[in-house]
Amino acid sequence: MRKARAVLVSAVLATGMSLSIGAAPAHAETLNGIYREYSECQRVGSYGDDQGWWDDWRCEWKSQYYYYFLYA
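Residues numbered from 1 in each chain as written. Predicted model: local features only at pLDDT ≥ 70, side-chain atom pairs only at ≥ 80, totals over all residues. Heavy atoms only, no water.

A. Region of the structure containing the sheet that holds strand E2 (residues 58–62). In space, the 3 strands of this open sheet follow the order E1-E3-E2, with antiparallel pairing throughout. Of all the strands in the sheet, the pair left with one neighbour each is strand E1 (31–35) and E2. Averaged over all pairs of adjacent strands, the angle between their axes in this sheet comes to 25°, without regard to strand direction. Of the pairings in the sheet, the one linking E2 to strand E3 (residues 67–71) comprises 5 bridges and is antiparallel in character. Bridge pairing in E3 links arginine 58 to tyrosine 71. Strands in contact with helix H2 (residues 38–51) are E1, E2 and E3; relative to E3, the strand with the most contacts, it is inclined by about 15°. (Pairing = 2+ DSSP bridges. Helix = DSSP H or I, 4+ residues; strand = E, 2+ residues; numbered from the N terminus. Axes fitted to C-alpha atoms, helices over the stretch in contact; angles between N-to-C directions. Contact = heavy atoms within 4.5 Å.)

B. View of the environment of valine 44. Here valine 44 is to be found in helix H2. With residues up to four places along the chain from it excluded, the contact list for valine 44 reads Tyr35, Trp54 and Leu70.

C. Looking closely at the environment of cysteine 41. Here cysteine 41 lies in helix H2. Taking the C-alpha atoms as reference points, cysteine 41 and phenylalanine 69, 28 residues apart in sequence, are found 7.4 Å from one another.

D. Spatial organisation of the pattern of salt bridges. Counted according to the given criterion, the structure contains 4 salt bridges. Between glutamate 60 and arginine 58 there is a salt bridge whose closest N-O contact spans 2.1 Å. A relative accessible area of 24% means that glutamate 60 is categorised as partly exposed. A salt bridge links lysine 62 to glutamate 60; the nearest nitrogen and oxygen atoms lie 2.9 Å apart. Connected through shared salt-bridge partners, Glu29, Arg58, Glu60 and Lys62 make up one network. (Salt bridge = Lys/Arg side-chain N within 4 Å of Asp/Glu carboxyl O. Buried < 20%, exposed > 50% of the residue type's maximum accessible area, 1.4 Å probe, protein only.)

E. Focus on a negative patch on the surface. A grouping of Asp49, Asp50, Asp55 and Asp56 is seen on the molecular surface, where their side chains present a negatively charged patch. Looking at where aspartate 50 falls in the secondary structure, it is placed in helix H2. (Patch = residues over 30% accessible without salt bridge, like charges linked within 9 Å, V, L, I, M, F, W, Y side chains within 5 Å. Areas by Shrake-Rupley, 256 points an atom, 1.4 Å probe, with all protein chains shown as cover. Lys, Arg positive; Asp, Glu negative; His and termini not counted. Charge placed at Lys NZ, Arg CZ, Asp CG, Glu CD.)

Structure, rendered in structure tokens:
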């Protein structure tokens, strides 16, 4: 019984290790600029989209800083 449990524990650990090594990290949005005006943030976001630098982007107002942050 001890040998069977030891083999089972080893197999479970090996499986867990192989799954965690093969997992890719989540694609997080990257901060691509900080702007005072919403129109400037939109212009740069649209330009980056046209150039193929990113597929999806958004401008987010951060009231504690009084700036727009461009995430793509």
